[in-house]
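Descriptive analysis of the structure
Here's the letter readout for the chains.
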Amino acid sequence: MSMKPSATWVRSLTGACIGAALLAVAAACGAEEPTATAVPTPTTEFFEAGGASAAGVAAGEAELWEERQGGTLIFGSAKEVTSPHAFTTTSSVDGHTKEATWLEPLIQLGGDGNLYPVLATSWVANDDSSVWTFHLRQGVLFHNGVEMTSADVIWSVNYVMDANNAARGHGELAPLVRSIEAVDKYTVRFNMAGSQSSFPIIISDISVLPIIPVDSLEPGEIQVREGSPGTGPFKFDEWVPASKTVVTRFDDYWGGKPYLEKIVFQLIASATSRGNALRTREIQLTERLTPIFAGRVESGEIGAIEVSPATRSGYRRVIFNVDSPIFDDIDVRLAATYAMDMQKLLDEAFFGLGALMDGVVPPGSIWDDTLRACCPRREGDPDKARALLAASSYAGEPIRLIVGRGQGEPIGVSLSRQLRDVGFNVNLQVLESGVYDDKQATGDFDLSPKGGSWGGDPVIDAAGRWRCELTELHYNNQTRYCNPELDSMIDVYYGLTEIEDKLAQYSKIATILYDAVITKHMGWNFTRFFGWNDNLKGFEHRGEGGYTRGPIGGGLWRVYFED
Amino acid sequence: MAILDVQHLTVDFALDDGGTLRAVDDTSFTIDSGEVLGLVGESGSGKSVTALSIMRLLDSQADITAGRILFDGEDLATKSEAEMRTIRGQRISMIFQEPMTSLNPAYTVGDQVSEVFRHHLHMGFGESKQRAIEMFERVKIPRPKDTYGKFPHEFSGGMRQRVMIAIALACGPDLLIADEPTTALDVTIQAQVLSVIQDLQHDMGLALLFISHDLEVVAQMCDKVAVMYGARLMEVGESTSLFTGPRHPYTDGLLRSIPRRGQPLTPIAGTIFDLRSPPDGCRFHPRCPYAEDRCRRETPELRALEPAGDGRLAACHFPLAGVGAKA
Amino acid sequence: MLIRYSLRRLLETIPTLFIISVIVFSLVLLIPGDRVLVMLGYSGGDIADVISKEVYAAMEIRLGVNDPIPLQYARWLGRALQGDLGTSPLHAIPVMDIILARLPATIYLALASIILGTLVAIPLGVAAAVKQNTWVDHLANGVVLFGLVTPGFWVALMLVLLFGVYLGWLPTFGYTAPQDDFVEFLRHITLPTIVLGLDFAANVIRFIRTDFIEQMREDYVRTARAKGLSERLVIWKHIFKNSMLATVTVLGFDISRLMGGSTIIESIFAYPGISFLLLQSIFNRDFATVQGVVIFIALMVVFMNYLADILYALLNPRIRYE
Ligand SMILES: Nc1ncnc2c1ncn2[C@@H]1O[C@H](COP(=O)(O)OP(=O)(O)OP(=O)(O)O)[C@@H](O)[C@H]1O
Ligand code: SF4
Ligand SMILES: [Mg+2]
């Protein structure tokens, strides 16, 4: 088990995406024979090896499948699928579960930062990225037995685009897409609102655009008790609120039959209970185990279990409310920034498990290189903080530091200690998550740690947090920072296609943010661990905390029990 | 023949502070079948402890340290708990002072009476119920049938005491101990309850140990009287002669302290001593108008007095003449 | 007499229930946290996606959160009286159905805990009172101290480690309905029952012991002994019924507490009862379900107290006439 993050994931982005996409077209085209077993296993290795090896893999596949198939996996989930609705995702676990089983996006972001084909086999933009054309995979069956075509994609997109349907992806999709039309049965064309070069990355998020059959939902239907048919390797079977989600094998999965007959996502909220149930083999795979448990497995104290950290499950940052009477003074923000020693925080609040970061970019990525060049990290420096504070407008007013109960607590304690050390008066409030969200939305705070996750592009992932137009919707822009110059730079960024241009533009954006001192980035958090019984084989994850199957490898699709 | 013969009964309490208290000291008396013995004395003199000793229902801190309690020739003091249980409620019964709390509030009075029949005589429910209703009749409770299913709180104190009597006499015991059975009742009710006891005692030929500090009631109810002071018996004798001619200065004092027409009321001077440290010699000496040196040194034994034959016993070095003057 | 008394007390619970419903309804609405945001997946601050005003507005209308609160209450009460507690905004399952689906699990657990607790507590509490300062008394005292001092979750985890992980005798989580597989039902319910039962027993022992010692000094006990009754009858007939009088009042409260389920125990054992449902619904700001569950728990508390009153009247003949 390695606790070090991979330094090489996300080395390149857009260029590689296109490359991968082209490769994918080749691969997919060479493999569109109708027999089920002849459908290639679109793993990363497959793409790398090229379509030629497809037949070989496929020949052994049938025997292998016979050998491995069968069994019910009980997966210990930390959170529940709050609703089986395809277009409602209330937590990362909710999204991961759906994406790992019955729903699929058009394309997917791999752990290497590349985009991979899923339901679309290739995608191409016109010169200024104002029109995107997606070629769909042929022969894909929905769980209801009907073949997926352009009509389904168009219906899904339009459903999300209609605000009345309150779809989770509306906020992302609606501003970018003007219309969608069918070119033919297996080709769709998106007419964009202006230049949208980053469009593929946005729809690679399952919570934005899963594809389900035409008319699966009534207009405005947000309450469902059953999942709509999808195209994934497992079919939705049953959902019990506050308890479990059950899926069963879909034999006609376009990517090849999965091995497991059934998966039960059993909600076990307590991490300790998940660990215990894993030890007794009542569950065979689980997520979000504690570092303590992982340590005991690693030391050999607990046997017959494998653990692996989700090194990119999320990052942490601390945001200032620039509207607050205390932090509207940039000097006070700067003083607080220097007061915070993030390594100390990682040590105190995360068992030292984590990697420092300078922005919302993964360490070692091309983005990280850009960021380091423009915006040198402000290390913790208490003396500097004291000096800055003395010279500022701060007169000892209590700082409302709000944190969520649970993981937020140790962060709050560590931060308070550091801030008090340089002379801040800290009022630490540990809040239940809904209250915590509410206070951020209403601005009843001065300082707050927040989470976030990497979606493949530092600007697209986070633009909503910086835009003026969104400051009135404070659940997006919670620092309440507004700079029209920055907004227009973001607009420009959306139209860029070349990676060099993007990096240059990102550098400018990052510099403005750096100078504004609205966020202090803390680091990537490595404290979440997957764990599974050692007779369970084939489980791979991308490190982001998900357990997605698909062309990018791993997931639950290729999981099997070894007798 | 004496149904009860208490000989040199001595009861000690182990106190919480480690000391001991002798609540009954070297006490002897007898009760014949069909006889009524009154036991009188000031509060705290040891009357109840004497009664509970006979029942062997003393608290766990109390211990019979000497003496014998011969009931029908057998020593109760040495009987096992199991043997005592066959005697209690069947051969010796007891009724208590507090009619309001002595009955179980959670059960019907009928159940509390019939229970005795079921327990001792192994009757079934129907028969025991019948017998209980009969007992209600005998203690003169109106509408005995309706009474059966009622709860104690539905009755007055007098009626409850009748229920207690019914319980006590259910199995036709040889000896009844009544520990101040009417003290808590109104005077008119008192008389009714006493007459019930008296009638039944007579009808059933019961031996009765009647404890009271109401001398008039005792005079009216009892054949014989025993006077207790500070854990010891002071005087024992025939009821009429004892009341008219007390031989012990304490009895004399007691009689003078009850209001009587034409006589000045003269309470006994002083207060009772602390039982934890009784005075040497005669324990009445600090309050006795006739006390002399000898009284302070020597403890007088309870002994027969001259003229012999009237059965009078007194524990005094200088007994009175029997007409209220010093001999 | 008893029937009339029962009916009167039943009628008396109606205003209580009404007041509770008003309080529950308004308190739930007062829970901070934006249910529109939660529905749209913006809970916990982990998701960085953009949310649009239009979708926010659409969801707001769908949840009906814009209507005046008295109107919301009237609508809710009207339906609740017909047994309809509404539908969760999250899914199409009526709240009543969800509650009814999960209620048996909680009730079985509560009943099992009460039975276990009572079976342990009554003999132990009585023995401790009757044989003060003997080993039984010390044992009872130990149970009480253990129950009061050790937090339930700790006991739960220790039991899971011992019987689940090390010995492998019992499952560590979950539930099986008795009608599906009775043995599995028992196996699943055992550990949570021990945790809750011990806790319940600790309270009851403490209470019974004190009360019994007091009762033993009562005059009626002396009367019972003077009748020549065996110690068994004196204790288990005469004292016991009186002692139960006081205990029932206390038990009524403890029992209704158990009927509401234990959030911690249901969480640790991933036990699908209504208490865990309540917790999840609060996280999800699923107010319809929260209101439904809380009202249900309140109903149960009121009903258990009502039962305790009736039982008290049965045991205590005096009460019926007062
Ligand atoms: N449980 C006990 N512990 C200690 N001392 C006791 C206890 N019970 C009785 N005594 C003592 O024994 C003595 C005799 O008490 P007893 O109850 O026999 O008095 P009594 O003559 O019946 O008085 P009364 O007329 O008030 O009923 C009292 O001085 C009392 O203090
Ligand atoms: S012995 Fe002495 S003190 Fe005692 S009663 Fe007789 S005369 Fe009085
Ligand atoms: Mg007395």
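Residues numbered from 1 in each chain as written. Chains lettered and ligands numbered in written order. Predicted model: local features only at pLDDT ≥ 70, side-chain atom pairs only at ≥ 80, totals over all residues. Heavy atoms only, no water.

Digging into the overall build of chain A
Condition: Secondary structure elements are taken from DSSP: a helix is a run of H or I of four residues or more, a strand is a run of E of two residues or more, and numbering for both begins at the N terminus. Only protein chains enter the calculation, and the probe is 1.4 Å; a residue is then buried if its accessible area is under 20% of its type maximum, exposed if over 50%, and partly exposed in between. Contact definition: two residues touch when any of their heavy atoms are within 4.5 Å. Method for areas: the Shrake-Rupley scheme with a 1.4 Å probe, in which residue coverage is limited to the protein chains shown.
Along its length, chain A carries 18 helices and 21 strands. Within chain A, the fraction of its 563 residues that count as buried is 63%. The contacts of chain A with a sequence gap of at least 6 include a subset with a gap of at least 24, amounting to 71%. Accessible surface, chain A: about 19200 Å² in total, of which carbon and sulfur atoms supply 50%.

A few points about the sheet that holds strand β4 (residues 120-125) of chain A
Residues and elements named next belong to chain A. The cut-off we apply is this: Two strands qualify as a pair provided DSSP detects at least 2 bridges between them. Here an angle of 0 to 180 degrees is reported between the N-to-C directions of two axes, which are lines fitted to C-alpha atoms, with helices fitted over the stretch in contact.
Taken in spatial order, the 4 strands make up an open sheet running β4-β5-β7-β6, and their pairing is antiparallel. Looking along the sheet, the strands with just one partner apiece sit at the ends: β4 and β6 (177-184). Going from strand to strand, the sheet's axes swing by 20 degrees on average, the running direction of each strand aside. Here strand β5 (residues 131-136) pairs with strand β7 (residues 187-192) via 5 bridges, running antiparallel. Within the sheet, the bridge partner assigned to tryptophan 132 lies in β7 and is phenylalanine 190. Taken strand by strand, helix α5 (residues 150-161) contacts β5, β6 and β7, and its axis lies near 170 degrees from that of β6.

Quick look at a nonpolar patch on the surface
Keep this limit in mind: Patches here are clusters of residues that have more than 30% relative accessible area and form no salt bridge, with a 9 Å joining cutoff for like charges and a 5 Å cutoff for nonpolar side chains (Val, Leu, Ile, Met, Phe, Trp, Tyr). By convention in these notes, a salt bridge is any Lys or Arg side-chain nitrogen within 4 Å of a carboxyl oxygen on Asp or Glu.
On the surface, a nonpolar cluster with roughly 570 Å² of combined accessible area is contributed by Phe18(C), Ile19(C), Val22(C), Ile23(C), Leu27(C) and Leu30(C). Inspection of the secondary structure assignment puts Ile19(C) in helix α1 (residues 2-30).

Some words on the state of the cysteines
All names here are of chain A. Rule in force here: Any cysteine sulfur atom paired with another within 2.5 Å is treated as part of a disulfide.
This model, assessed by the stated rule, comprises 2 disulfides over all chains. Residue cysteine 374 pairs covalently with cysteine 375 via a disulfide, S to S 2.3 Å. Here cysteine 374 and cysteine 375 share a disulfide; its torsion about the S-S bond, -90 degrees, makes the bridge left-handed. The disulfide bridge from cysteine 468 ends at cysteine 482, spanning 2.0 Å between sulfur atoms.

Quick look at the side chain of Arg168(A)
Let me state the cut-off plainly: Throughout this description, a polar contact denotes any pair of N or O atoms lying within 3.5 Å of each other; where both atoms belong to protein, one of them has to be capable of donating a hydrogen while the other can accept it, and for residues adjacent in sequence the pair is counted only when both atoms sit in side chains.
One can find Arg168(A) in the loop between α5 and α6 (170-173). Side-chain polar atoms of Arg168(A) contact the backbone oxygen of Thr89(A), separated by 3.1 Å.

A closer look at the pairing of strand β1 (residues 72-77) of chain A
Each regular strand shows side chains that alternate between the opposite faces of the sheet. All names here are of chain A. Two elements, β1 and strand β10 (residues 262-267), share 6 bridges in a ladder whose sense is parallel. Residue pairing in the sheet places leucine 73 in a bridge with isoleucine 263 of β10. As paired elements, β1 and strand β11 (residues 285-289) share 2 bridges and run parallel to each other. Note on β11: the bridge partner recorded for phenylalanine 75 is leucine 285.

Considering the interface of chain C and chain B
Where we set the bar: Buried area adds together the accessible area that both of two parts lose upon being put together, with accessible area traced by a 1.4 Å probe. Residues are sorted three ways: Asp, Glu, Lys and Arg are charged, Ala, Val, Leu, Ile, Met, Phe, Trp, Tyr, Cys and Pro are nonpolar, and all the rest, Gly among them, are polar.
The interface is formed by 20 residues belonging to chain C together with 26 residues belonging to chain B. Summed over both sides, the interface of chain C with chain B buries roughly 2200 Å², with 57% coming from carbon and sulfur. Among the residues of chain C in contact with chain B, Arg222(C), Lys227(C) and Lys237(C) are the three that bury the most area, contributing 27% of the side total. Scanning the region where chain C abuts chain B turns up 4 salt bridges. Where Arg222(C) meets Glu98(B), a salt bridge forms, and the shortest distance between an N and an O atom there is 3.5 Å. Where chain C meets chain B, there are 16 residue pairs in polar contact (both at pLDDT 80 or more). For the side of chain C that touches chain B, the secondary-structure elements that each account for two or more residues are α9 (219-226) and α10 (231-259) of chain C. Grouping the constituent residues of the side of chain C that touches chain B by class yields 7 nonpolar, 5 polar and 8 charged.

Some remarks on the packing of helix α4 (residues 109-121) of chain B against helix α5 (residues 125-138) of chain B
All names here are of chain B. So the rule is basically this: Working definition: roughly parallel below 35 degrees, roughly antiparallel above 145 degrees, roughly perpendicular at 65 to 115 degrees, and oblique for all remaining angles. Two helices crossing with the near one rotated counterclockwise from the far one by less than a right angle form a left-handed crossing, whereas a clockwise rotation gives a right-handed crossing.
With their axes 8 Å apart at the nearest point, α4 and α5 run at an angle of 120 degrees to one another. Between α4 and α5, the crossing angle belongs to the class labelled oblique. The hand of the α4/α5 crossing is right-handed. Residue-level inspection shows Val109, Gly110, Val113, Ser114, Phe117, Arg118 and Leu121 of α4 in contact with α5, the latter providing Phe125, Ser128, Lys129, Arg131, Ala132, Met135 and Phe136. The residue inventory of the contact of α4 with α5, partitioned by class, reads 8 nonpolar, 3 polar and 3 charged.

Points about the environment of Leu37(B)
Residue and element names in this part refer to chain B. You can see leucine 37 is positioned in strand β3 (residues 36-41). Among the residues examined, leucine 37 registers a relative accessible area of 1% and is labelled buried. Sequence separation of leucine 37 and valine 225 is 188 residues, and the distance between their C-alpha atoms is 5.4 Å.

Comments concerning the site of ligand 2
Under the convention used in this document: For each residue, the test is whether any non-hydrogen atom lies within 4 Å of the molecule or strand; if one does, the residue is near.
Taken together, 13 residues lie near ligand 2, and Cys282(B), Cys288(B), Cys295(B), Cys316(B) and His317(B) sit nearest. Among the residues making up the shell around ligand 2, the classes are represented as 10 nonpolar, 3 polar and no charged.

Description of the interface of chain C and chain A
Of the residues lining the interface, 56 residues belong to chain C; the matching set on chain A comes to 61 residues. For the pair chain C and chain A, the number of links is 0 salt bridges. Taken together, the links from chain C to chain A amount to 5 residue pairs in polar contact (both at pLDDT 80 or more). Mapped by element, the contributors of at least two residues to the side of chain C that touches chain A are α2 (35-39), α3 (53-63), α5 (95-130), α7 (152-166), α11 (263-268) and α12 (274-283) of chain C. A per-element tally of the side of chain C that touches chain A places α3(C) first, with 7 residues. A breakdown of the residues in the side of chain C that touches chain A according to their chemical character gives 34 nonpolar, 14 polar and 8 charged.

A short note on the arrangement of the chains
Across the 2 pairs of chains in contact, the largest number of contacts is found between chains A and C. No part of chain A reaches chain B; the closest C-alpha pair between them is 48 Å apart.

Points about the packing of aromatic side chains
Stated precisely, the cut-off is as follows: Two aromatic rings, drawn from Phe, Tyr or Trp (for Trp, its six-membered ring), form a pair once their centres lie within 6.5 Å of each other, and the interplanar angle then sorts them: stacked below 30 degrees, edge-to-face above 60, tilted otherwise. Counted as over-ring charges are cases with an Arg CZ or a Lys NZ within 6 Å of the ring centre that also lie within 35 degrees of the ring normal.
Here the structure, examined in full by the defined rule, presents 31 aromatic pairs over all chains. A ring pair is formed by Tyr253(A) and Trp254(A), whose centres lie 5.2 Å apart and whose planes are at 50 degrees; its orientation type is tilted. For the residue pair Tyr253(A) and Trp254(A), the accessibility class agrees, reading buried in each case. Note on Tyr229(B) and Tyr250(B): the rings are 4.6 Å apart at their centroids and 45 degrees apart in plane angle, and the pair reads as tilted. Of the two residues, Tyr229(B) sits in strand β9 (residues 224-229) while Tyr250(B) sits in helix α11 (residues 249-256), which places them 21 residues apart along the sequence. Here the two residues Tyr229(B) and Tyr250(B) agree in accessibility, since each one is buried. Within the aromatic cluster, the residues linked to one another by ring pairs are Trp123(A), Trp132(A), Phe134(A), Phe190(A) and Phe199(A). Positioned over the ring face of Trp65(A) is Lys257(A), at 4.2 Å from the centre of the ring. We note Lys241(C) situated over the ring of Tyr107(B); from NZ or CZ to the ring centre the distance is 4.5 Å.

Some remarks on the domain arrangement of chain C
All names here are of chain C. Going by this rule: Domain start and stop positions are those given by an automatic or database domain assignment.
Taken domain by domain, chain C consists of domain 1 (18-95) and domain 2 (96-321). Of note, the centres of domain 1 and domain 2, computed from C-alpha atoms alone, are 34 Å apart. In this assembly, 22 residues from domain 1 lie in contact with 19 residues from domain 2. Summing both sides of the interface, domain 1 and domain 2 together bury roughly 1900 Å²; the carbon and sulfur share of this comes to 73%.

Structural notes on unusual backbone geometry
Residue and element names in this part refer to chain A. Even without glycine at this site, alanine 166 takes up a positive phi of about 50 degrees. For alanine 166, the location among the structural elements is in the loop between α5 and α6. A residue is classified by how much of its surface remains accessible, and alanine 166, at 3% relative accessible area, is buried. The phi dihedral of alanine 242 is positive, around 55 degrees, even though this residue is not glycine.

Some details on the confidence of the model for chain C
Residues and elements named next belong to chain C. To keep things clear, this is the line we draw: The predictor's confidence in any single residue is recorded as pLDDT, a number from 0 to 100.
Per-chain confidence: chain C averages 84 in pLDDT, with 92% of residues scoring 70 or above. For chain C, per-element mean pLDDT is lowest for α2, which scores 70, and highest for α9, which scores 92. Predicted confidence is poor over residues 44-48, with pLDDT under 50, and the contacts of this stretch with residues over four places away or in other chains come to 17 contacts. Overall fold confidence (pTM) sits at 0.80, and the ipTM for the predicted complex is 0.89.

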